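Next come the chains, spelled out residue by residue.
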Amino acid sequence: GRHTKLGGKKSEPFPCRVNAIPRPIPEDIPWYGVPANLIPFAGLLSFGSIFIELYYILTSLWNYKFYHVYGFLLGVYAILILVVCMTTIIVVYFCLNSENYLWQWTAFYSGASTALYVFLYSIYYFVFKTSMSGLVQTSFYFGYMLLISMGLGTLCGTLGHWAGSNFVRTIFQNVKVD
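Residues numbered from 1 in each chain as written. Predicted model: local features only at pLDDT ≥ 70, side-chain atom pairs only at ≥ 80, totals over all residues. Heavy atoms only, no water.

## Topic: the overall build of the protein
Logical step 1: Check the secondary structure of the protein and you find five helices and zero strands.
Logical step 2: Walking the protein from its N terminus toward its C terminus, one meets helices and strands in the order α-α-α-α-α.
Logical step 3: Looking at the protein as a whole, 32% of its 178 residues are labelled buried. (Helix = DSSP H or I, 4+ residues; strand = E, 2+ residues; numbered from the N terminus. Buried < 20%, exposed > 50% of the residue type's maximum accessible area, 1.4 Å probe, protein only.)

## Structural notes on helix α1 (residues 35-48)
Logical step 1: Over its 14 residues, α1 extends 20 Å from the first C-alpha to the last, a length consistent with the 20 Å expected when each residue adds 1.5 Å.
Logical step 2: Residues of α1 that are buried include every one of Pro35, Leu38, Ile39, Ala42, Gly43, Ser46 and Phe47, and no others. Here the buried residues of α1 occupy an arc of 170° about the axis, which is enough to place them on one side. (Expected span 1.5 Å × (residues − 1). Arc of directions from axis to C-beta.)

## Side note on unusual backbone geometry
Logical step 1: Positive phi outside glycine occurs at Tyr64, with the angle close to 60°.
Logical step 2: Of note, Tyr64 is situated in the loop between α2 (51-62) and α3 (70-97).
Logical step 3: Look at Tyr64 and you get exposed, because its relative accessible area is 74%.
Logical step 4: For Glu99, which is not glycine, the phi dihedral falls at a positive 65°.
Logical step 5: Considering the arrangement of structural elements, one finds Glu99 in the loop between α3 and α4 (104-129).

## Notes on a nonpolar patch on the surface
Logical step 1: Among the surface-exposed residues, Leu116, Leu120, Ile123, Tyr124, Val127 and Phe128 lie close enough to one another that they form a single nonpolar patch of about 590 Å² accessible area.
Logical step 2: Locating Leu120 in the fold gives a position in helix α4. (Patch = residues over 30% accessible without salt bridge, like charges linked within 9 Å, V, L, I, M, F, W, Y side chains within 5 Å. Areas by Shrake-Rupley, 256 points an atom, 1.4 Å probe, with all protein chains shown as cover. Salt bridge = Lys/Arg side-chain N within 4 Å of Asp/Glu carboxyl O.)

## Quick word on the packing of α2 against helix α5 (residues 135-173)
Logical step 1: Interaxial distance between α2 and α5 falls to 13 Å at its minimum, and their mutual angle equals 140°. On the basis of their axis angle, the class for α2 and α5 is oblique. In this structure, α2 meets α5 at a crossing whose hand is right-handed. Here Leu58, Leu61 and Trp62 of α2 lie close against α5, whose contacting residues are Phe140, Tyr141, Tyr144, Met145 and Ile148.
Logical step 2: For the contact of α2 with α5, the residue count by class is eight nonpolar, no polar and no charged. (Axes fitted to C-alpha atoms, helices over the stretch in contact; angles between N-to-C directions. Parallel < 35°, antiparallel > 145°, perpendicular 65-115°, else oblique. Left-handed = near helix turned anticlockwise from the far one by under 90°. Contact = heavy atoms within 4.5 Å. Nonpolar A, V, L, I, M, F, W, Y, C, P; charged D, E, K, R; others polar.)

## Section: the packing of α3 against α5
Logical step 1: Two elements in contact, α3 and α5, have axes separated by 8 Å at closest approach and are oriented at 50°. Accordingly, the angle class assigned to the pair α3 and α5 is oblique. Along this stretch, α3 crosses α5, giving a crossing that reads as right-handed. For the pair α3 and α5, contact is made by Tyr77, Leu80, Ile81, Val84, Cys85, Thr88, Ile89, Val92, Tyr93 and Leu96 and by Leu152, Leu155, Cys156, Leu159, Gly160, Trp162, Ala163, Gly164, Phe167, Val168 and Ile171, respectively.
Logical step 2: When its residues are assigned to classes, the contact of α3 with α5 shows 18 nonpolar, three polar and no charged.

## Some thoughts on the nonpolar core
Logical step 1: Core analysis: the largest hydrophobic core is formed by 18 residues, its most contacted members being Phe47, Ile50 and Leu58.
Logical step 2: For this core, the elements supplying multiple residues, two or more each, are α2, α3, α4 and α5.
Logical step 3: With sequence-adjacent residues up to four places away left out, Phe47 is seen in contact with Leu54, Thr114, Tyr117, Val118 and Tyr121.
Logical step 4: With five residues, the next largest nonpolar core counts Val92, Trp103, Ala107 and Phe167 among its residues. (Core = buried A, V, L, I, M, F, W, Y, C linked by side-chain atoms within 4.5 Å.)

## Here we look at the packing of aromatic side chains
Logical step 1: Evaluation of the coordinates by the stated rule reveals 22 aromatic pairs.
Logical step 2: Seen in terms of ring centroids, Tyr55 and Tyr56 are 5.3 Å apart; in terms of plane orientation they differ by 70°. Their pairing is edge-to-face.
Logical step 3: Tyr55 gets classed as partly exposed once you look at its relative accessible area, which sits at 30%.
Logical step 4: Taking the relative accessible area as the measure of exposure, Tyr56 reaches 45% and is therefore partly exposed.
Logical step 5: Through a chain of ring-to-ring contacts, the aromatic side chains of Trp62, Phe119, Phe126, Phe140, Tyr141, Phe142 and Tyr144 assemble into a single cluster. (Phe/Tyr/Trp six-rings, centres within 6.5 Å; stacked < 30°, edge-to-face > 60°.)

Interpretation note: all reported values are geometric properties and have no functional meaning in isolation.
Structure below.
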C-alpha cells in the first residue's frame, strides 16, 4: 500500500491514538496562530540567510563574473537548511498551539515561501544591477529565474515538511493516553 517503505516493510504507525472525528478548528485565534501570517515571516528569515550570497550567484550567472568560493556556498546552503527547518518547526508549533491540526501544507509553504523572496530579489536585480533590454533577454532572464525559484521552493518546502513531520511525530510520541 501507500504506507509501505522500500523493501516491503510496513511503515511505523503513528505514535499515539487519533480520534476518527476531527475537531473543529477555532475561528478566534491570535494573529500569530494564523498560517497565512506566519508563512511570509518564515520565508523572510530563510531568505535573509542567503541573500548576500544570492547576489554573487546572480552576478556570476548574468554579469559574466567567475564564482569561485564554493566552500562558502556550501556553508550558506547548510545555514539555509538549518534555518528552513527551524522556522518551519516554529510555524508548525504555533499552528498546533492554536489547535490547528492542518499543519502539512503550512509546513511545506513556510519553507517554500523563500522562493517568493528570491524571485522578488531577482526582479530587483534585473532592474538595478543588469543592463538587459529587449523581449528575448527579459523573457530568458525571468524564465530562468522562475525555474530557479521554483526549484528552490520545492527544495525548501520539502525540507520544511520533513522537519515539521519529524517534529510532530516526536512531540506526539511523548503524549500519554490513559
